[in-house]
Amino acid sequence: MNFEFSDEQKQLRNEARRFLEAKCPPAAVRQVLEGSEPFDRALWKGLGEMGFLGVVIPEEHGGLGLGYLELCVVAEELGRVIAPVPFGSSVFLATEFILAAGSEAQKAKWLPKLAAGEAIGTFAFAEGAGAVTPRTIKLQASGGALTGVKIPVADGDVADFAIVAARTAPGNDERGVSLFIVELNGPGVTREVVETIDPTRSHARISFAGAAAEPLGAAGEGWSIINGVFDRAAVLTAFEQVGGADRALEMARDYALERVAFGRPIGSFQAVKHMLADMYVSATLARSNCYYGAWALSTGSSELGEAAATARVSATQAFQHCSKNNIQTHGGMGFTWAFDCHLYYRRSNLLALNLGSLSVWEDRLIERLRAKNVA
Amino acid sequence: MNFDDTPEEAAFRQEVRTWIQANAPHHLKEALSNAGFGSGPTGIDTMAEAKAWQKKKAEAGWACLHWPKEYGGRGATPIERVIWGQEEGVYSTLGGSFIIGHGMCGPTVMAFASEEQKRRYLPPLAAGEEVWCQLFSEPAGGSDLAGLRTKAEPAKDGSGDWIINGQKIWTSGAHYSDFGILITRTDPTVPKHKGLTMFFLDMRSPGVEIRPIKQVNGQSGFNEVYFTDVRIPDSQRLGAVGGGWQVSLTTLMNERLSIGAGMSTGFPELLDLCCRIETANGLAVDDPAVRSKLATWAVRQSGLKYTGFRAISALSRGEIPGPENSIGKLVAGATMQDIAALALDLQAESGVINDPEISAANARFQAMLLRSPATRVEGGTDEILRNIIAERVLGLPADIRVDKDVPFNQIPTSGARA
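A brief structural summary. These figures come from a predicted structure and were not determined experimentally.

1. Quick look at the overall build of chain B
- What chain B contains, in helices and strands, is twelve helices and ten strands.
- Its C-alpha radius of gyration of 23 Å places chain B within 12% of the 22 Å reference for a compact globule of 418 residues.
- Overall, the C-alpha framework of chain B stretches about 75 × 55 × 45 Å when taken along its three principal axes.
- With 418 residues in all, chain B has 49% of them scored as buried.
- Within chain B, residue pairs in contact and separated by at least 24 positions form 70% of the contacts whose partners lie at least 6 positions apart.
- Here chain B contributes 42 positive and 49 negative side-chain charges, whose respective centroids are spaced 4 Å apart.

Here it is, written out as structure tokens:
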């Protein structure tokens, strides 16, 4: 059995970690939190130069042509430093949609730009509060033009193009949902930044008023393409979450060793030790589940649906658990703007909602396990 | 990343599979498969069948296969041991009574007994001919094992023998054991960890009295063992006089090295129940409140399984597994208890019925409910396991121990007044 990353993949991890420790210290995240730039443009450029934006994009389209295990490694490292860049939107979603459903012309047009970081892509899905289902997709597509509103769209303010889920046939069912590529700088598109719980990752409301749109994949196939891409993105996002969970745990551990109260390090009190032990447990379970997801993703296994939901649920729980108890370990200082704890708390809660919330993924997981139980 | 065997592992697995196919007690398969969660197989003489299977394995070289050949093992690698466990499957549950002897007593004897003793005692232990137990916990020394009070004093007749007086508790299988390893206090005037000494003894020695403990679930797997002037020859001392704590660490370390399939949580059984039982909102599996809980437990079960796979992968590469495996019992015990509670809740009024003939799922969840409290206590409580993770994995400071440097006979006890 070899349920572990290879030496080459570990080398890639070290490379990514060194790069990100240098280019994305907490001060860089804070710069985006407090500054006017919606994301860290220098870091984005650097990620493109390193090839990290095109890990799985074939070499003929300007990518590295590596596999998903390598992308998982990079995702985890980005999660550790809560990188303030549109990586998830552009790499886990837009790139995956084009790889999954794009025509040769669409691939040739977008993949090289995505790999280089010259174009940022995103996915416009939700149209307001509540779980997204085929019924909530109201945005209309007709005659190659889109009309309606998507909110929130991650990185919608900075993306060059969006994959948009739109209704192409009346009714509520999934056969009426199709996908389109829309260039967001064109006419008929209005974008407004919306304030979010994590200002280091910007979001927008995008209004489409007859915006020109090009079909992505066959009409009526949108929902099934979305499901397939979401499974892949779920594994990758789960690695990002596990990276964050590990870092939050380390921050809490370091502080528990350093902070003295009642004449001893607070890490010597069982109440604190046990909280940290439970954080370790959730992060460890999530990591192992992520490995399962990575295995399924990289081997094209029929278990991907189950593995992706497992990794996603587990990693969401772990990052939320670790980030909130990191604040708890820091006490009052954890609630200050000056300490970095809130950056992880914000990110953990943002990532828990991007790509469908925990309850949505719990549902998907149980549906898939149930199908297997019946079989 | 893959789950595949190396060519050597695949060849070994094939050899194991062929032998098990030809030799396993297939007639017990159904009874063994239906047992679990504290209820043993019904309708069979488990100890007799276990001994027969163990003997058969030993004769073919498949008993304690990671032990050296001269002591009844096979000299197998850790990964071969894991493969054996996977292939032995449900038949491995027959060997429950041997786990402590093979997993803890054997390695301790191997590390500290004389060559002659090792050749005398280890092969019959491996073959299941002689069963061993571990006499560690005491009424005053559970999590605080080093607080134990069973006394060993030199015999006054000058023979060099030791005379044992005191009481042990929670001794699994003492009632069917032939031998035991016993930790005692030989010097109460030094701090508690320093005055301990380890022995092994014949459980039929005069002065040994075994009383089964009736448990919450009505069964009696554990015992109290009383020692009244029990005589042990000095040749059965394991390690130095006063060196018992170090010896016990060897024993306990071996307990934590057992790696494999990941501990059972009861999740697959619960999912199956939820696909069949109705709530007010239709099938339980369709109820959102139930789903959310199921999902949480599903990812715990899966996380344990794949954490085990990571450890196996380390073994396969010839490495020592990391500390992540220490989470197993902590997660499984609490999860099983929660799962049992929901399963009974779904059965509603009928959840009270604890009768395999009538209850849903053969009263499996009722058995889980009544057994799971023990899982969270035995072999290290949840609280001790969290301390271990915090201290050994995360590197947090050890607890401040007020009794650490105090002579044992000056430490306040529950019975004493301040």
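That covers the picture; the talk isn't over yet.
2. Brief notes about the packing of aromatic side chains
Residues and elements named next belong to chain B.
- Counting across every chain of the model gives 37 aromatic pairs over all chains.
- Relative to Phe-222, the ring of Trp-170 has its centre 5.6 Å away and its plane inclined at 85 degrees; by these criteria the two rings are edge-to-face. Placement of Trp-170 in the loop between β3 (162-169) and β4 (179-185) and of Phe-222 in the loop between β6 (208-212) and β7 (223-232) is noted, with a sequence separation of 52 residues between them.
- When its relative accessible area of 47% is taken as the criterion, Trp-170 is described as partly exposed.
- Its relative accessible area of 12% is what places Phe-222 among the buried residues.
- For Arg-211, the ring lying beneath its charged end belongs to Tyr-226, and the centroid distance is 4.1 Å.

3. Notes on the environment of His-26 of chain B
All names here are of chain B.
- Locating His-26 in the fold gives a position in the loop between α1 (7-23) and α2 (29-34).
- By relative accessible area, His-26 is classed as partly exposed at 39%.
- Along the backbone, His-26 and Arg-120 are 94 residues apart, and their C-alpha atoms lie at a distance of 32 Å.
- Other than its neighbours up to four places away in sequence, His-26 contacts Ile-20, Gln-21 and Tyr-91.
- A distance of 2.8 Å separates a polar side-chain atom of His-26 from the backbone oxygen of Gln-21.

4. Here we look at the nonpolar core
- Leu-47, Phe-87, Phe-97, Phe-123, Leu-146 and Phe-208 of chain A together with Leu-270 of chain B are the most contacted members of the largest nonpolar core, which has 191 residues in total.
- Examining the composition of this core, we find that 19 residues originate from one element, helix α7 (residues 222-258) of chain A, more than from any other.
- Once residues lying within four places of it in the same chain are set aside, the contact partners of Phe-97 of chain A are Gly-102, Phe-123, Ile-163, Leu-179, Leu-216, Ile-225, Ile-226 and Val-229 of chain A.
- Leu-145, Ile-181, Phe-200 and Trp-245 of chain B belong to the second largest nonpolar core, which has 27 residues in total.

Rules and cut-offs
- Residues numbered from 1 in each chain as written.
- Chains lettered and ligands numbered in written order.
- Predicted model: local features only at pLDDT ≥ 70, side-chain atom pairs only at ≥ 80, totals over all residues.
- Heavy atoms only, no water.
- Helix = DSSP H or I, 4+ residues; strand = E, 2+ residues; numbered from the N terminus.
- Rg over C-alpha atoms; globule rule 2.2 N^0.38 Å.
- Buried < 20%, exposed > 50% of the residue type's maximum accessible area, 1.4 Å probe, protein only.
- Contact = heavy atoms within 4.5 Å.
- Lys, Arg positive; Asp, Glu negative; His and termini not counted.
- Charge placed at Lys NZ, Arg CZ, Asp CG, Glu CD.
- Phe/Tyr/Trp six-rings, centres within 6.5 Å; stacked < 30°, edge-to-face > 60°.
- Lys NZ or Arg CZ within 6 Å of the ring centre and 35° of its normal.
- Polar contact = N/O pair within 3.5 Å; in protein donor to acceptor, adjacent residues only side chain to side chain.
- Core = buried A, V, L, I, M, F, W, Y, C linked by side-chain atoms within 4.5 Å.

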